[in-house]
Amino acid sequence: MLLRLFLLFTIVPVVELALLIRVGGLLGFGPTLLLVIGTGAAGAWLARREGLRAWLAVRDELQGGGLPGESLVHALLILAAGVVLITPGVITDIAGILLLIPPVRGRLIARVRNWLGRQVEGGAIRVVGGPGGFSGLHGDFVRRPGARRPSRAGKRPSGREIVIEEDEPKSD
């Protein structure tokens, strides 16, 4: 994981810089600068508009007495889009603008949900117990009454395990 983050934060900026130099060589400094500023401004405007729409959906779900699910994920992806749009570069601008398009976000959420479902089914991620059951990824995961967290004596957590513990009844 650390290697992936290292590569992400070193390779992406180098590729972005190379692309900006290439575009600058083709278009010239002025047009390239306007392109970077223009995509940043357009992205900021779109992020504000879509972000407001997403947060209103979250608020409506909360006011309706429910917990925000997918609308909260949309809002987080819009926040991520805004962050990458602030970063100057061609690839990050394209990624940010794509994240601002609702159907693209919906497809990304569906793909992640399917991937998580496959991980759970394959045993790479374990869901143990849970208050009232758990559903929504790739089928329903029902809590097992009396399920307890597995003993960790002498074991280090793998980091790929989701443990949903059942609340203990209070005895006075």
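What counts and how
Residues numbered from 1 in each chain as written. Predicted model: local features only at pLDDT ≥ 70, side-chain atom pairs only at ≥ 80, totals over all residues. Heavy atoms only, no water. Helix = DSSP H or I, 4+ residues; strand = E, 2+ residues; numbered from the N terminus. Expected span 1.5 Å × (residues − 1). Buried < 20%, exposed > 50% of the residue type's maximum accessible area, 1.4 Å probe, protein only. Arc of directions from axis to C-beta. Core = buried A, V, L, I, M, F, W, Y, C linked by side-chain atoms within 4.5 Å. Contact = heavy atoms within 4.5 Å. Salt bridge = Lys/Arg side-chain N within 4 Å of Asp/Glu carboxyl O. Lys, Arg positive; Asp, Glu negative; His and termini not counted. Polar contact = N/O pair within 3.5 Å; in protein donor to acceptor, adjacent residues only side chain to side chain. 1 Å grid on protein atoms, 1.4 Å probe; cavity = no way out; pocket = protein on both sides within 12 Å on 5 of 7 lines; lining within 4 Å. Points joined across faces, edges and corners; volume = space filled by probe spheres on them. Nonpolar A, V, L, I, M, F, W, Y, C, P; charged D, E, K, R; others polar. pLDDT = per-residue confidence, 0-100.

Draft legend 1. Spotlight on helix α5 (residues 102–122). End to end, α5 covers 30 Å across 21 residues, agreeing with the expected 30 Å (1.5 Å per residue, within 8%). Among all positions in α5, only Arg 105, Ile 109, Gly 117, Gln 119 and Val 120 are buried. Seen along its axis, α5 keeps its buried residues to an arc of 160°; they face one direction. Residues Pro 103, Arg 107, Arg 111, Glu 121 and Gly 122 are exposed on α5 and point more than 90 degrees away from its buried face. Just downstream of α5, Gly 123 is the residue with a positive phi angle, here 90°.

Draft legend 2. Quick look at the nonpolar core. Core analysis: the biggest nonpolar cluster contains 10 residues, these being Ala 47, Ala 54, Ala 75, Leu 77, Ile 78, Ala 81, Leu 85, Leu 99, Leu 100 and Ile 109. For this core, the secondary structure elements donating two or more residues are α2 (29–63) and α3 (70–86). Residue contributions to this core peak at five residues, all from α3. Apart from residues lying up to four places away in sequence, Ile 109 is in contact with Glu 70, Val 73, His 74 and Leu 77.

Draft legend 3. Geometry of the pattern of salt bridges. Here the structure, examined in full by the defined rule, presents one salt bridge. For Asp 60, the salt bridge goes to Arg 59, with nearest N and O atoms at 3.4 Å.

Draft legend 4. Representation of the side chain of Glu 16 within the structure. Following the sequence through the fold, Glu 16 ends up in helix α1 (residues 2–27). At 13 Å, Arg 22 is the nearest oppositely charged side chain to Glu 16, a buried residue that forms no salt bridge. Here the side chain of Glu 16 touches Thr 92 through a polar contact of 2.6 Å, landing on its backbone nitrogen. Setting aside residues no more than four positions away along its own chain, Glu 16 makes contact with Gly 89, Val 90, Ile 91 and Thr 92.

Draft legend 5. Highlighting the layout of surface pockets. A volume near 230 Å³ is recorded for the largest pocket. Around the largest pocket, the lining residues are Leu 8, Phe 9, Val 12, Pro 13, Glu 16, Val 84, Thr 87, Pro 88 and Thr 92. The element best represented in the lining of the largest pocket is α1, accounting for five residues. Class assignment for the residues of the lining of the largest pocket results in six nonpolar, two polar and one charged.

Draft legend 6. Focus on the confidence of the model for the protein. Put simply, the protein has an average pLDDT of 76, and 73% of its residues get 70 or more. Summarising per-element confidence for the protein, the mean pLDDT is lowest in strand β3 (residues 140–141) (42) and highest in α1 (90). In the model, residues 133–157 has pLDDT below 50 throughout and makes 38 contacts with residues more than four positions away in sequence or in other chains.

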